[in-house]
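# Topology and contacts: notes
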Amino acid sequence: MPININQKNQTGFTLIELAVVLVIIGVLIGSFVGTLGARIDNTRISETRDSLDEIKLALYGFAMSQSPARLPCPDNDNDGLEDLDASVPAQCVSLETAANLPWATLGIQRGDAWASTYSYWVADIYSNTAGFALATDATGVGQILDSAGSATPLSNNIAAVIFSHGKNQYGSIGLDNAVRGGSPGGPAYADEDENTNGDSVFVSRPITAVGSLTEATIPVIFDDIVVWISEYELKGLMAQAGVL
């Protein structure tokens, strides 16, 4: 029986088929990695928000435990303890400018989900050792805005502000006490820069810089997570507890 030498058993893949398979695998891996990265980001954001809520409770507890009632001062030397001014013992070293959260004084965890220390600002009339009363008024002392330069504050009566510098960590201090660099600057980072410029005005708005999003795709980048304590909220809780 004659043999047809042109007949071959094709039991493997051609180069084209292998290329197609590799492309499909690459797409699937890329999709998985992207999805996993987003899930990790969202988990860290959620954990940090929960921690900030716990910090607020710790601050309320501190105020209730003091006689007269007051909030703690910020930590200026990274030891976790509040720092009162040695030359003016009644007031904080950081007089109405943000520094580190005094985590050791409050007896809570030090940093956020990105291994950065939380930043903390407090109005002098609420941290002064003279204490505060129901009549204490912080109107206009500190402000929360929805964007840098906004003419309408979200809150104009704040006693304290606590915030995480988020995933990009611009302007933060690491748990190893290393000072991270500031933002690249420019209009795209105006809202983040507002939170680290040393004044008593802060921005709180939705996050717009998670994952691979960059200045090229977002007009203003912002991933700080900010919470604040209004003076009415603070005084209401103190009055309810019978402290004021």
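For the structure itself, consult the block above.
Described in the following lines is the structure provided in the data block. Since this is a predicted model, take the numbers as computed values, not measurements. (Residues numbered from 1 in each chain as written. Predicted model: local features only at pLDDT ≥ 70, side-chain atom pairs only at ≥ 80, totals over all residues. Heavy atoms only, no water.)

## Observations concerning the state of the cysteines
- Per the stated rule, a full pass over the model turns up one disulfide.
- In this model, cysteine 73 is linked to cysteine 92 through a disulfide, with the two sulfur atoms separated by 2.0 Å. Handedness here is read from the sign of the S-S torsion; for cysteine 73 and cysteine 92, about -80°, the answer is left-handed. On the criterion of sequence distance, the pair formed by cysteine 73 in the loop between helix 1 (15–65) and strand 1 (99–100) and cysteine 92 in the loop between helix 1 and strand 1 is long-range, its members being 19 residues apart.
- Overall, cysteine 73 belongs to the buried group, its relative accessible area being 0%. (Disulfide = S-S within 2.5 Å. Helix = DSSP H or I, 4+ residues; strand = E, 2+ residues; numbered from the N terminus. Buried < 20%, exposed > 50% of the residue type's maximum accessible area, 1.4 Å probe, protein only.)

## Digging into a nonpolar patch on the surface
- A contiguous nonpolar patch, built from Met64, Leu134, Val243 and Leu244 and spanning about 300 Å² of accessible area, is present on the exposed surface.
- Within the secondary structure layout, methionine 64 lies in helix 1. (Patch = residues over 30% accessible without salt bridge, like charges linked within 9 Å, V, L, I, M, F, W, Y side chains within 5 Å. Areas by Shrake-Rupley, 256 points an atom, 1.4 Å probe, with all protein chains shown as cover. Salt bridge = Lys/Arg side-chain N within 4 Å of Asp/Glu carboxyl O.)

## Here's the deal with the pairing of strand 4 (residues 158–164)
- With seven of its seven residues buried, strand 4 lies for the most part within the structure.
- Note: strand 2 (residues 119–122) against strand 4, four bridges, orientation antiparallel. The partner of valine 122 across the bridge, within strand 4, is alanine 160.
- In terms of strand pairing, strand 4 meets strand 6 (residues 225–230) through six bridges, oriented antiparallel. For isoleucine 162, the partnering residue across the bridge sits in strand 6 and is valine 227. (Pairing = 2+ DSSP bridges.)

## Re the packing of aromatic side chains
- What the rule picks out here adds up to four aromatic pairs.
- Taking the centre distance of 5.9 Å and the plane angle of 50° together, the rings of phenylalanine 163 and phenylalanine 202 count as tilted. Within this pair, whereas phenylalanine 163 is found in strand 4, its partner phenylalanine 202 is found in strand 5 (residues 201–203), the two being separated by 39 residues in sequence. In this structure, phenylalanine 163 and phenylalanine 202 share a single accessibility class: buried.
- Linked through ring pairs, Trp121, Phe163 and Phe202 together constitute an aromatic cluster. (Phe/Tyr/Trp six-rings, centres within 6.5 Å; stacked < 30°, edge-to-face > 60°.)

## Regarding the environment of serine 46
- Residue position: serine 46 is located in helix 1.
- Judged by relative accessible area, serine 46 falls into the partly exposed class, the value being 38%.
- A sequence separation of 67 residues divides serine 46 from alanine 113, and the C-alpha atoms of the two residues are 9.2 Å apart.

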